[in-house]
Structure formats: structure tokens, C-alpha cells
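If you want the building blocks of each chain, they are given just below.
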Amino acid sequence: MDQPRQSRGALLINNLPQLQNLVKRDPISYKEEFLQQWNHYDSIRLLFEAKPDDAENTGRFRELVTFISQVCHCYKEETKEFPGQLSKLLMEHYGTLNNDLKRSMVQNLVLLRNKDIISSIDLLKVLFPLLPRTSSSELRSFIRTTILTDIKTANARHKAVKLNKAVQVMLFGMVERGMDAEVIGDKGKLRGQVRGEGANKSAGDEAMWAVMVAKELWRKNVWNDAKTVSIVALGCFHPVVKVQSACVHFFLNSEEAVEDSESEDEAPDMGKLAHQRQIKKKTRGLDNKIERSKKRAKKMRIAQENGTNKATPNFPALYLLHDPQSFGEKIFEAINKYDKRYSLDHKILLMQLLSRVMGAHKLTVLAFYPYITKYLTYRQLRITSILVCLAQSVHDLTPPDILTPVIRKLAHEFVTPGVAADVVAAGLNSIREVCRRQPWCMEEDLLGDLIEYRKSKDKGVVMGARSLLALFRDVNPGLLKKSERGKAATIGMANGSQPLSYGQEQRPAITVEGLELLEEHFAQLRAEEGDDAVMDDEDDAAWEGWEVESDASSDSEGWQSVSSDEGDIEISDSDDDRPRSKGKKVQQADEDEEVKPDEAATPAATEVSLVSNLATTKILTPADFALLNELRIKATTNEAEHGMASKSKKRKLAELQANKAATDSGTFLTEADLLGPRKKPKATYEERLASIQEGREGREKFKSKKGKIMKENPSSTTNREKRKNKPIMMVLASQGVRSKKTLSLSAKQRKLRKHIDTAKKAYK
């Protein structure tokens, strides 16, 4: 008897992948089978809401969720509540659900986002709260990657303002949620309480993830606005030390992080791709991949040569702070209030941030200098970092009265006869950096004592004292003795030049020093190219988007008469109304007054003549200023090599090289700047071994460099050289030595005579 044939729906109940394929092909015909699976899913979902840890139905529920996620776009009306149900189940029962089920539900939510069933905001509202609650590292990494990829994709073509604003609000909330908790330091026994259980730990984890997401989006140049900086700035005052430290590191290393982020997008290895093209099957897809890689490598090479980098933000994060004065005061309040709870490393980290903010924005936090004075002893741990913080916090608007006790403390602790030479050099360099930023904090008697160290026997101390002397010769030679001022400073004081007083701004420069060198360099480039239009095209490209007043207007157009009730308006020909021609002086005089020849050379005309034509026709870029500095260094070096440079020229050369080094290293100080030149320490075992290995490069193992390697024409050694190095036992056993014993007297005489004749011929 034949068995009854099963229906089509019964066959597809346990074969969801096949049903999924059929539904995608013909949704209308298989709607009944889909509704059957939907009802099955709905019943299991209700069971999970009542008992989330039910292990019996976990596998079946995971399969149903995956099936509905794949085909929900075919039945949008029936599955409109499906994303909300998944989100609710994850948010309410995330801690009790099975790990495999949680991973599957998160992946299906991402699938719904890829199918454009839900928006990015709806997805991120679910994923952000799951980050600190996830214990699985694999799932946590997947959630983090999904968040970053989704935001980066949304901002690929243009800024997604609505999405960015919503995500930034969520990140602000995650950071603010734990701000009211008690501050737990990281000093001594408190260090173990940082990882404790409770609400403080949960809030710290949530804030940590918010800060990490903001930092990563900044590093990838997805976000580079002030709101992102505000999120991290808020984390600098978080009670959890781990969150606070991560935010401070973001501000201290923001420029380096931006540069390091470019290491991810390395140029493709064209040699490797060409090798793959030879050994693999020849396909059109591989050829297209190689062509795309060639274009990408060429584009990156051109960008590197031109110095352009689209991933670099316009300004570092430090300059995008909102209300830097309040930010700096809060940072110092945290350092001072929790001085006993924070470790020394964390306090130095906060002081570094505070000093950079004070130096960059020219802030005045007066209480910071008495606080840092207590750490200014040469026995203090990490004293060089503290000295860097002190020097970076000073600027030209810092009151000199508050810095004078600090300078005295530095001189008393570091620049004394009873300490090592390295300590004296560090003290002199620190005082120099503070006085470079605020020269009026130095006292005359103290300065005279400090520059006497230029007669020391240690090189570092001598250079530190000389640099301090050179500094005050430029900024305030009146504090020096007459014999120490130098020729240029003495002449300047005789001419009546006075240093700028506290708070006084420097007179604006008339022209850029050495600009004629840059103009000659551009002229030489035009001559080499053989076409004057090369530089003109670059200038025209630089002026795109700007409205430039044309000089081709003639006076033939005349004035347009303007009528009014009061009568005609009389417009006098003044300096500003007349058109000016490039590179020519405009002689201005009234019709009633005669200009005498002696009065023609006015100071204003002299100043105008000093201005280079390049300064009035081209906007100089930072690359132009760097090139100008290089040209000035080259010109001064040539004069010094030919003996044409005076002492002032040599000092100017040293100053230019110092400016170049400062520009290359950045605007902030380092510990090496304060330590100065030091004697080379004895090499360690690892360093000596590395030096030995470096000397062995290019040399074959167990082979001498003599013979073939050392000679110009590769050849072996001669037989005479081989006989010299022959072992003595082999020489004694040779036929030539043994035959000497059997020689007769007459044979010995003939041999001796022959040797004498040969020796005489050699000296003729």
C-alpha cells in the first residue's frame, strides 16, 4: 500500500534554507508557509520573554530569527514589529540569554540595517548599551567594528549631520552618567579599588567605551569637529582614573595619533601583485585589481610628494576646546584637590595637559606655579617631565612676579656647585626656556651668577650658560654687564632701542627677512623651466575663488555723476582712490603744494621700498616659509665656509638651525631639550652585539676579506703569499727543505752566489 504524499508546506517546515530561497524567488506563492513560520517564531519569543534562559528552544529560535531576517523585506507589513522585538529582547534580557543566541540576534540586526529595514540610529541605540555589558571578546569586537564601520560609511560622501548629532548625544550621555560618583584614585591601596564591582565600575566601563569610540572616529578623520573634542574633554574630569587617563592621552598625543593613523592605509605592494599575476590563473578580475592598485599607488605617491594629506585635520584637538580657561582651572582643581589620591604618574599626566593648554591658549592659572614649586628638586622622580610642564605653561602674558620665585627655586636647587653637571645643565636649560617665554621674570644679580657657568669644564653646562647669555643679548641686554652684552646689543642700546615691556606687543614687521632669497629661487626655477608661465599658472591656481581687483582699468571710463537734493558731491583725489600699479611707487602731491626733492624720501617711502615684490603678489604658504628658512641657512653656511661670516652671522646661523629643529620637532618641548647634550654612555651588551652584527653585514661567513673581496680585480693570492702562510710542519716535510740536507758544498756555494747576484740586481 502506498504511503500518502506529504504536502509542500510539511516538507519545508524543517528545511528553512530551502524555504528562504523559494520565498525570495516568489514571495506571493509562499506567503502561507512564511506566516506559519512567523507564528512559530512569535510563540517561542513569548516563551523567551517569560523564561530567557530556556535552553531547549534556543537553537530553533535562532534559526527562525535568521530566516525572518533574510526574508523580512518581502513581507514588510507583516514583519514591521520584528526589529523592535529583537531590540527589546536584547536590551531587557541580555545578561541571561545564551551567547550564541546573542551573537545571532546582533548579527541579524546588522543584516536588517544592511537591507535598509532599520536606520543607523535605531541600530546604534541598541549596540551602544551592549558594549560595556558584553563579556565575550569576539562579540564585543564585532559590535565595536560594526559601530565604527556604520558611522564611517554614513560619512563617506558627505557629513551625516543627523546621525552624527544623535551618536554624539548618546556618547555625551554615556560619559555624564558616572560623573557624580566618588573619585577613587590610583595611589597605593586605592589602585586595587579601581577595578572593584558596583555602579562605579559599570559607569566607568560605559564612559570608557564612549571615549574609545570618539577617539577612534577622530583618528580615522570621520569626526574632526569641536563636539568630538568636547566629549573627550568631559571625560578628563571623570571620577574613574582609567577614563581620565585615556582622555588626557588623547589630547597629549592627538597630533601623533593622526600621523599614526595613516600607517593603516599603506601603499599596495606592486611586486607582490605582479608575482601573483604570473603564478595565478589569468583572470579579468585579477587584472582589474592590479590596475586599481597601480592607480592607488600613484595617487598616494603624488600626495606624499606634494605634502597633501586629506586625512589630516585642520587643527589639533587641543585648539578646539570650548572655554579653555574653565577647562584649565578644572584640571588644576582636580590635581590640587585629589593630590593624595592620585599617583605621581597620573599627576604629571594632568600637569602636562594643563601646561599645554596654558601655553597654546595663553591662559593664566596663577595657583599652578606655587603648586609645581614643591616638586622642583633634583631628587624628585621624573623631574625632567615636571620641568617640561613648567616651561610649557609659561607665555608672554604670564605675570613675571609669579615666576620670579620659581626661577629662584630652580637656581637654588639645580644650579649649585654641589650637584652633578647634568643637573646643572638641566637647570640652566629650564631657566632659559622659561625666560625665553617671559624674559622679565629674571633678576639682574641672578642672571650674572648663572652666565658665569659658561667657564665650566662640562660641555652641557657651558652650552646651557651660553644659550642663556645669547637669549638675553637679544631680548633684554640691559640686565647684562657691559662687557657681556656683545657688539650688536651694545650698538642697539646706543641707538636707543629698548626691550618690549610686559604686555606690550611687538611692532608689526614691514617685510619678511630674507624674502629676496626666495624671490631669487623662484626666478631661478623660471629660468630652468624656460617658461615664465609656470609660476604664473601656480599663482593663478592659488588665487582661485578670490576676487582680485584688476589693474587694467583706465581713467578713460571717468567718474559717474551722482545727483542729490543737496547738490553734487565733490570727491577729492586721495591716496586710496587712485589706482596703484604693481612694483612702482606712486608719487602723490596736491596741486597747490610743490614737493621738494629733499622731502620726497620720506620714511613711509623708504619702508615701501623695502617690501619685496613677492610679498605683494603671492600669499606665502607654510612650505614657502620652510623653504625660506632653508635658503637662509644655506646662504649663511656658504659665508661661514668661505670665511666671510662674522660672529653675528654665525650666531644667526645657530639661531636659524635651532628654529628649524623646533619646527621639525613641533611646538612643544621634550625632555631632551632640557637635558641638553650629554656624554655618550658606555654601550650595553645588546648594543655591542648589535654593532658587531652590523659590521658583519655583506660578509660571507668564515671567509676573509682578503684576496677576491679586497682586490679591484677578483683573483686568488700568489704562490709566494701562499708559501708564507703554509703550516710549518708541511714546510719541513716538503721536497725543497729535505733536499737542502743532501746538497754538496759546491752546490751550496753556487746557490749562495746566485742569491748574491740576484740581490745586487734588485738594488741597481
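Scroll up to find the structure this text is about.
Attention here is on the structure that accompanies the text. All figures in this text were calculated on a predicted structure; none of them were measured in a lab.

Procedures and definitions
- Note that residues are indexed from 1 along each chain, following the sequence as it is written.
- With pLDDT at 70 or above as the cut-off, local features in this predicted model cover only qualifying residues; side-chain atom pairs require 80 or more to be listed or tallied, and sums for whole chains, interfaces and linings still use all residues.
- Heavy atoms throughout the structure, all of them, feed into the side-chain values; hydrogens and water do not.
- Numbering goes from the N terminus for both helices and strands, where a helix is a DSSP run of H or I of at least four residues and a strand is a run of E of at least two.
- Type-normalised accessible area, obtained with a 1.4 Å probe on protein chains alone, sets the label of each residue: buried when under 20%, exposed when over 50%, and partly exposed for intermediate values.
- By definition in these notes, contact holds between two residues if any of their heavy atoms fall within 4.5 Å.
- Methods summary: accessible areas were calculated by the Shrake-Rupley approach with a probe of 1.4 Å, and residue burial reflects only the protein chains presented.
- A helix is expected to span 1.5 Å for every residue after the first.
- In this scheme, patches are assembled from residues that exceed 30% relative accessible area and form no salt bridge. Like charges are connected within 9 Å, while nonpolar side chains (Val, Leu, Ile, Met, Phe, Trp, Tyr) are connected within 5 Å.
- By definition here, a salt bridge exists when the distance from a side-chain nitrogen of Lys or Arg to a carboxyl oxygen of Asp or Glu is within 4 Å.
- When charges are tallied, Lys and Arg are placed among the positive residues and Asp and Glu among the negative ones, while His and the ends of the chain are skipped.
- Charge positions come from single atoms, namely NZ of Lys, CZ of Arg, CG of Asp or CD of Glu.
- Axis geometry follows a simple rule: fit a line to the C-alpha atoms, using only the stretch in contact for helices, then measure angles between N-to-C directions, giving values from 0 to 180 degrees.
- Reported orientations rely on four angle classes, namely roughly parallel under 35 degrees, roughly antiparallel over 145, roughly perpendicular from 65 to 115, and oblique for the rest.
- By the definition used in this description, the sense in which the near helix is turned from the far one sets the handedness, with an anticlockwise turn below a right angle giving left-handed and a clockwise turn giving right-handed.
- Two N or O atoms count as a polar contact when they lie within 3.5 Å, although within protein this holds only if one can serve as hydrogen donor and the other as acceptor, and sequence-adjacent residues are included solely when both atoms are side-chain atoms.
- Note that Gly is not counted as nonpolar here; it falls among the polar residues with everything else outside the nonpolar set of Ala, Val, Leu, Ile, Met, Phe, Trp, Tyr, Cys and Pro and the charged set of Asp, Glu, Lys and Arg.
- Taken from the helix axis, the directions to the C-beta atoms give the arc we talk about.
- Definition used in this section: a nonpolar core is a set of buried Ala, Val, Leu, Ile, Met, Phe, Trp, Tyr and Cys residues joined via side-chain atoms within 4.5 Å.
- A pair of Phe, Tyr and Trp rings is counted when the ring centres sit within 6.5 Å of each other, with Trp represented by its six-membered ring. The angle between the planes then sorts it: under 30 degrees is stacked, over 60 is edge-to-face, the rest tilted.
- Each ring is checked for a lysine NZ or an arginine CZ that lies within 6 Å of its centre and within 35 degrees of its normal; such an atom marks a charge sitting over the ring.

**Description of the overall build of the protein chain**
Turning to step 1, where the next piece is worked out: Each helix and strand counted, the protein chain has 38 helices and 0 strands in total.
Turning to step 2, where the next piece is worked out: By the burial criterion, 34% of the 764 residues in the protein chain qualify as buried.
Turning to step 3, where the next piece is worked out: Long-range pairs, those at least 24 residues apart, make up 69% of the contacts in the protein chain between residues at least 6 apart in sequence.
Turning to step 4, where the next piece is worked out: Just so you have it, the protein chain exposes about 50,200 Å², and 51% of that area is on carbon and sulfur atoms.

**Re helix H13 (residues 241–252)**
Turning to step 1, where the next piece is worked out: The first and last C-alpha atoms of H13 sit 16 Å apart over 12 residues, in line with the 16 Å expected at 1.5 Å per residue.
Turning to step 2, where the next piece is worked out: Judged by how many residues are buried, H13 sits mostly within the fold: 10 of 12 residues are covered.
Turning to step 3, where the next piece is worked out: Within the span of H13, buried status applies to Val-241, Val-243, Gln-244, Ser-245, Ala-246, Cys-247, Val-248, Phe-250, Phe-251 and Leu-252.

**Considerations on a positive patch on the surface**
Turning to step 1, where the next piece is worked out: Positive charge collects at one region of the surface, where Lys-272, Lys-280, Lys-289 and Arg-292 lie side by side.
Turning to step 2, where the next piece is worked out: Mapped onto the secondary structure, Arg-292 falls in helix H16 (residues 284–306).

**Considerations on the packing of helix H2 (residues 16–25) against helix H4 (residues 58–71)**
Any two packed helices are characterised by the angle at which their axes cross and by the distance between the axes.
Turning to step 1, where the next piece is worked out: One can describe the packing of H2 onto H4 by two numbers: an axis separation of 10 Å at closest approach and a directional angle of 15°. Taken as axis vectors, H2 and H4 run roughly parallel relative to one another. With respect to the hand of their crossing, H2 and H4 are arranged in right-handed fashion. Judged by residue contacts, Leu-16, Leu-19, Gln-20, Val-23 and Lys-24 of H2 engage Arg-60, Glu-63, Leu-64, Phe-67, Gln-70 and Val-71 from H4.

**Describing a nonpolar patch on the surface**
Turning to step 1, where the next piece is worked out: Together, Leu-397, Trp-440 and Tyr-502 give the surface a local cluster of nonpolar side chains, amounting to about 290 Å² of exposed area.
Turning to step 2, where the next piece is worked out: Mapped onto the elements of the fold, Leu-397 is located in the loop between helix H20 (383–393) and helix H21 (400–413).
Turning to step 3, where the next piece is worked out: The exposure class of Leu-397 is partly exposed, given its relative accessible area of 39%.

**Remarks on the side chain of Thr-228**
Turning to step 1, where the next piece is worked out: Relative to the helices and strands, Thr-228 is located in helix H12 (residues 226–235).
Turning to step 2, where the next piece is worked out: Since its relative accessible area comes to 0%, Thr-228 is described here as buried.
Turning to step 3, where the next piece is worked out: With residues up to four places along the chain from it excluded, the contact list for Thr-228 reads Gln-168, Ala-214, Trp-218 and Trp-223.

**Observations regarding the side chain of Ser-120**
Turning to step 1, where the next piece is worked out: Mapped onto the elements of the fold, Ser-120 is located in helix H7 (residues 120–130).
Turning to step 2, where the next piece is worked out: Judged by relative accessible area, which is 7%, Ser-120 ranks as buried.
Turning to step 3, where the next piece is worked out: At a separation of 2.7 Å, a polar atom in the side chain of Ser-120 contacts the side chain of Arg-113.
Turning to step 4, where the next piece is worked out: A distance of 3.0 Å separates a polar atom in the side chain of Ser-120 from a polar atom in the side chain of Asp-150.
Turning to step 5, where the next piece is worked out: In contact with Ser-120, not counting residues within four places along its chain, are Arg-113, Asp-150 and Leu-163.

**Quick look at the pattern of salt bridges**
Turning to step 1, where the next piece is worked out: Counting across every chain of the model gives 23 salt bridges.
Turning to step 2, where the next piece is worked out: Taking the shortest distance from any N to any O, the salt bridge between Glu-452 and Lys-455 comes out at 3.5 Å.
Turning to step 3, where the next piece is worked out: Judged by relative accessible area, Lys-455 falls into the exposed class, the value being 63%.
Turning to step 4, where the next piece is worked out: Shared partners join several salt bridges into a network, and the residues in it are Arg-144, Glu-216, Arg-219 and Lys-220.

**Thoughts on the packing of helix H3 (residues 31–50) against H4**
Turning to step 1, where the next piece is worked out: Where H3 meets H4, the axes come as close as 10 Å, and the angle between the chain directions of the two elements is 130°. By the angle class used here, H3 and H4 are oblique. The handedness of the crossing between H3 and H4 is left-handed. Residues Phe-34, Gln-37, Trp-38, His-40, Tyr-41, Ile-44, Arg-45 and Phe-48 of H3 touch H4, and the partners they reach there are Thr-58, Arg-60, Phe-61, Leu-64, Val-65, Phe-67, Ile-68 and Val-71.
Turning to step 2, where the next piece is worked out: Of the residues belonging to the contact of H3 with H4, the class tally is 11 nonpolar, 3 polar and 2 charged.

**A short note on the environment of Ala-203**
Turning to step 1, where the next piece is worked out: By secondary structure assignment, the location of Ala-203 is in helix H11 (residues 199–219).
Turning to step 2, where the next piece is worked out: Each C-alpha atom, one on Ala-203 and one on His-238, is 9.8 Å from the other, the two residues being 35 residues apart in sequence.

**A word on H3**
Turning to step 1, where the next piece is worked out: With 20 residues, H3 extends 29 Å from end C-alpha to end C-alpha; this agrees with the ideal 28 Å at 1.5 Å per step.
Turning to step 2, where the next piece is worked out: Listing the buried residues of H3 in full gives Glu-33, Phe-34, Gln-37, Trp-38, Tyr-41, Ile-44, Arg-45 and Phe-48. Buried residues along H3 cover an arc of 135° about the axis, so they all sit on one side. Along H3, the residues that are exposed and aim more than 90 degrees away from the buried face are Glu-32, Asn-39 and Ala-50.

**Re the nonpolar core**
Turning to step 1, where the next piece is worked out: Residues Leu-171, Phe-251, Leu-353 and Ile-431 are the most contacted members of the largest nonpolar core, which totals 141 residues.
Turning to step 2, where the next piece is worked out: The contact partners of Ile-431, leaving out residues within four places of it in the chain, are Ile-407, Leu-410, Ala-411, Val-415, Met-442, Leu-450 and Leu-468.
Turning to step 3, where the next piece is worked out: Within the second largest apolar cluster, 7 residues are counted, among which are Leu-518, Leu-614, Leu-628 and Leu-631.

**Some details on unusual backbone geometry**
Turning to step 1, where the next piece is worked out: Unlike most non-glycine residues, Asn-221 shows phi in positive territory, near 60°.
Turning to step 2, where the next piece is worked out: In this fold, Asn-221 is placed in the loop between H11 and H12.
Turning to step 3, where the next piece is worked out: Unusually for a residue other than glycine, Lys-362 sits at a positive phi of about 55°.
Turning to step 4, where the next piece is worked out: Its place among the elements puts Lys-362 in the loop between helix H18 (344–361) and helix H19 (368–373).

**Remarks on the packing of aromatic side chains**
Turning to step 1, where the next piece is worked out: Taken as a whole and judged by the stated rule, the model has 16 aromatic pairs.
Turning to step 2, where the next piece is worked out: Their ring planes at 80° and their centres at 5.8 Å tell us that Trp-218 and Phe-250 sit as a pair that is edge-to-face. In this pair, Trp-218 is assigned in helix H11 and Phe-250 in helix H13, connecting sequence segments 32 residues apart.
Turning to step 3, where the next piece is worked out: Classification of Trp-218 as buried rests on a relative accessible area of 4%.
Turning to step 4, where the next piece is worked out: The buried category is assigned to Phe-250, whose relative accessible area is 6%.
Turning to step 5, where the next piece is worked out: On the basis of an interplanar angle of 70° and a centroid distance of 5.4 Å, the ring pair of Phe-237 and Phe-327 is categorised as edge-to-face. Taken together, the positions of Phe-237 in the loop between H12 and H13 and Phe-327 in helix H17 (residues 324–337) put the pair 90 residues apart, joining distant regions of the chain.
Turning to step 6, where the next piece is worked out: According to the relative accessible area criterion, Phe-237 is partly exposed, its value standing at 23%.
Turning to step 7, where the next piece is worked out: On the basis of relative accessibility, which here comes to 6%, the residue Phe-327 falls in the buried class.
Turning to step 8, where the next piece is worked out: Lying over the aromatic face of Tyr-94, Lys-102 brings its terminal NZ or CZ to 4.5 Å of the ring centre.

Honestly, that's just the spatial picture; any functional story needs more than this.
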